[in-house]
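What follows is each chain in one-letter form.
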Amino acid sequence: MVKERLRRTVMYAAGNNPGLLQNAAIYGADSVIFDVEDSVAVAEKDSARELVYHALTRLKFSCEIGVRINHISTPWGYDDLEYLLPAKPDYIRLPKGESGDEIKNIDAIITKAEAEHGFEAGSIKLMVSIESPKGLRNAYEIASASPRMIAIAIGGEDFAAAIKTEKTRGNSFTGGRELFVARSMIVFAAREAGIQAIDSVFSDLRDEETLINEVMLVKELGFDGKSCINPRQIDIIHKVFTPSLKEVEYAQRVLTVFEDALARNSGVITLDGKMIDMPMVIRAERVLANACAAGIYRKEGT
Ligand SMILES: CC(C)(COP(=O)(O)OP(=O)(O)OC[C@H]1O[C@@H](n2cnc3c(N)ncnc32)[C@H](O)[C@@H]1OP(=O)(O)O)[C@@H](O)C(=O)NCCC(=O)NCCSC(=O)C[C@@](O)(CC(=O)O)C(=O)O
Ligand SMILES: [Mg+2]
């Protein structure tokens, strides 16, 4: 079974806050992003870049660490790359991605930096946030623009602003209507490109009920994980994205009965009155791969 890299949570830590940078990895997020974009005011861009550089080069972290740079069309984007690539983050998260050419451009800069600093070629990955209608239109082009691409994400706050609306709340049927199409298109683009899809942050730390509804919705839409802003959100998101024991047991039963069917030269069988054929098998394998990555399941003999 392929052990997938889990990215159920991708937590932002503001790059100008040394306390957050130092502790961000201890709370159990699957991935952490040191941010020098929107959480850092213009007056603090240089000092944040320096703090992030020092954190990456001097501290040890127990999870994957990415850096969200400013977009390359801003006065800081190229300097962020020049200053921070030598610190070898696990990945660069480009915000407000709009075209495949931008990604190719950044890919070339990373390739050069890897060679200059003796890093393994291809070791620094890319994750891109889609935050505008233009980015959404080019989502597949972006997702497939470089072999470094590990995920595309939706930046829901900026996307809602770009389409001139507000983020709505409600249950998993009524909340998030404004992002419904964009979220699905991002999942489709990610799947076509064979990379992960990461949902946006939920900004109200007091409203756990809506957070749970939103995570359930995006899991159902096909996302692999969700960006977040605070350690309190991690367990809530992990609980939804980690298969339950009941789901693991059912997935195992699906695979077992399907093997029996194949042994009898049949591609279809019933389990508890439900038809089981190849799509159900693919979904069961995915449940077990996620459970395996989360450390709650081990296939016999592995
Ligand atoms: C919101 C708040 C100020 C609340 O702070 P508070 O201190 O009141 O929180 P508390 O719960 O009291 O903290 C308890 C303990 O955890 C520590 N702690 C808290 N947060 C931590 C953390 N993130 N990392 C490590 N440690 C943390 C804290 O230091 C304390 O430690 P200690 O004192 O030792 O007990 C804080 O969380 C925070 O700054 N979050 C990150 C905000 C940020 O980066 N925004 C930009 C990214 S979104 C965006 O840009 C939109 C987007 O682009 C997104 C997309 O693209 O997806 C789009 O368009 O949608
Ligand atoms: Mg944003």
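For clarity, every value in this text was computed on a predicted model and none was experimentally measured.

S.K.: Go over the overall build of the protein, please, and point to the residues and values.
M.R.: Each helix and strand counted, the protein has 12 helices and 10 strands in total. Taken over the C-alpha trace, the protein has a radius of gyration of 20 Å; the compact-globule value for 302 residues is 19 Å, and the two agree within 12%. Taken along the three principal axes of its C-alpha coordinates, the protein extends 65 × 45 × 35 Å. Looking at the protein as a whole, 51% of its 302 residues are labelled buried. Put simply, the protein shows about 14,700 Å² of open surface, and 53% of that area lies on carbon and sulfur atoms.

S.K.: Can you lay out the pairing of strand β2 (residues 31–35) for me, pointing to particular residues and giving the numbers?
M.R.: Of all five residues making up β2, five are buried, and the element is well covered by its neighbours. The side-chain alternation of β2 yields two buried faces, one formed by Ser31, Ile33 and Asp35 and the other by Val32 and Phe34. Pairing between strand β1 (residues 9–14) and β2: five bridges, direction parallel. Note on β2: the bridge partner recorded for alanine 13 is phenylalanine 34. Considered for its hand, the β-α-β crossover made up of β1, helix α1 (residues 18–23) and β2 is right-handed. Where β2 and strand β3 (residues 64–68) come together, five bridges link them in parallel fashion. Following the sheet pairing, isoleucine 33 is matched in β3 by glycine 66. Taking the sense of rotation as the criterion, the β-α-β connection linking β2, helix α2 (residues 45–58) and β3 turns out right-handed.

S.K.: Outline the nonpolar core, supporting the account with residue identities and numerical values.
M.R.: Core analysis: the biggest nonpolar cluster contains 64 residues, and Phe34, Val52, Ile92, Ile103, Met149, Ile152 and Phe223 have the highest contact counts within it. For isoleucine 152, the residues in contact, after removing those within four places along its chain, are Val128, Ala139, Ile142, Ala143, Ile186, Ala189, Ala190, Ile195, Gln196, Ala197 and Ile198. With 16 residues, the next largest nonpolar core counts Val248, Ala261, Cys292 and Tyr297 among its residues.

S.K.: Can you tell me about the packing of aromatic side chains, naming the residues and giving the values?
M.R.: In this description, an aromatic ring pair is defined by two values, namely the gap between the centres and the angle between the planes. The full count for this structure, using the stated rule, is two aromatic pairs. Measuring from centroid to centroid gives 5.4 Å for phenylalanine 34 and phenylalanine 61, while their planes differ by 75 degrees, and the two rings are edge-to-face. Of this pair, phenylalanine 34 sits in strand β2 while phenylalanine 61 sits in the loop between α2 and β3; the two residues are 27 residues apart in sequence, bridging distant segments of the chain. Ring centres of tyrosine 53 and tyrosine 83 lie 5.5 Å apart, and the angle between their planes is 65 degrees; this geometry places the pair in the edge-to-face category. Of this pair, tyrosine 53 sits in helix α2 while tyrosine 83 sits in helix α3 (residues 77–84), placing them 30 residues apart in sequence. Its guanidinium or amino end placed over the ring of tryptophan 76, lysine 45 lies 5.2 Å from that ring's centre, counting from NZ or CZ.

S.K.: Give me the lowdown on the environment of glycine 97, citing residues and values where you can.
M.R.: When you line up the elements, glycine 97 lands in the loop between β4 (91–94) and α4 (100–117). When the C-alpha positions of glycine 97 and asparagine 138 are compared, they lie 8.9 Å apart, and in sequence the two are 41 residues distant. Beyond its immediate chain neighbours, meaning those up to four positions away, glycine 97 contacts Glu102, Val128, Ser129, Ile130, Gly135 and Ile142.

S.K.: Residues and numbers for the site of ligand 1, please.
M.R.: Near ligand 1 lie 26 residues; those nearest to it are Tyr12, Arg68, Glu157, Ile229 and Arg232. Interatomic distance of 3.4 Å between a side-chain N/O atom of tyrosine 27 and an oxygen atom of ligand 1. Note that an oxygen atom of ligand 1 is positioned 2.9 Å from one of the side-chain N or O atoms of arginine 232. Taking 1,100 Å² as the accessible area of ligand 1 by itself, protein coverage stands at 64%. Going through the elements one at a time, β1 and α7 (156–162) are the ones with two or more residues in the shell around ligand 1. By residue number, the principal contributor to the shell around ligand 1 is β1, which donates four residues. A class-by-class count of the residues in the shell around ligand 1 yields 12 nonpolar, seven polar and seven charged.

S.K.: Summarise the environment of serine 62; cite the residues concerned and give the values.
M.R.: Its location among the elements puts serine 62 in the loop between α2 and β3. For serine 62, a relative accessible area of 67% corresponds to the exposed category. A sequence separation of 37 residues divides serine 62 from alanine 25, and the C-alpha atoms of the two residues are 6.1 Å apart. For serine 62, the side chain forms a polar contact with the main-chain oxygen of alanine 25, separated by 3.3 Å.

Conventions used here
- All chains use their own residue numbering, which begins from 1 and follows the written sequence.
- For naming, the first written chain is A and the first written ligand is 1, with later ones following in the order written.
- With pLDDT at 70 or above as the cut-off, local features in this predicted model cover only qualifying residues; side-chain atom pairs require 80 or more to be listed or tallied, and sums for whole chains, interfaces and linings still use all residues.
- Side-chain calculation: all heavy atoms of the structure are included, whereas hydrogens and water are not.
- A run of H or I in DSSP counts as a helix once it spans at least four residues, and a run of E counts as a strand once it spans at least two, with each numbered from the N terminus.
- The globule rule used for comparison is 2.2 Å times the number of residues to the exponent 0.38, while the radius of gyration itself is calculated over C-alpha atoms.
- The buried label applies to any residue whose accessible area, calculated with a 1.4 Å probe on protein chains only, is under 20% of its type's maximum; exposed applies above 50%, and partly exposed to all values in between.
- Every accessible area reported is derived by Shrake-Rupley at a probe size of 1.4 Å, with residue values counting cover from the shown protein chains alone.
- Pairing between two strands is assigned when DSSP locates at least 2 bridges connecting them.
- A clockwise path from the first strand over the helix to the second, with the strands pointing away from the viewer, defines a right-handed crossover.
- The nonpolar core is taken to be a set of buried Ala, Val, Leu, Ile, Met, Phe, Trp, Tyr and Cys residues, with the residues joined through side-chain atoms within 4.5 Å.
- Every residue pair with non-hydrogen atoms within 4.5 Å of one another is taken to be in contact.
- Pairing of aromatic rings covers Phe, Tyr and Trp, the last counted by its six-membered ring, and requires centre-to-centre distances within 6.5 Å; plane angles under 30 degrees mean stacked, over 60 mean edge-to-face, and any other angle means tilted.
- Only Lys NZ and Arg CZ are tested; either one counts as a charge over a ring when it is within 6 Å of the ring centre and within 35 degrees of the ring normal.
- Here, proximity means that at least one heavy atom of the residue falls within 4 Å of the molecule or strand.
- Think of a polar contact as two N or O atoms within 3.5 Å of one another; within protein, one of them needs to be a possible hydrogen donor and the other a possible acceptor, and neighboring residues in sequence only count if both atoms come from side chains.
- Amino acids are sorted into nonpolar (Ala, Val, Leu, Ile, Met, Phe, Trp, Tyr, Cys and Pro), charged (Asp, Glu, Lys and Arg) and polar (every other residue, Gly among them).

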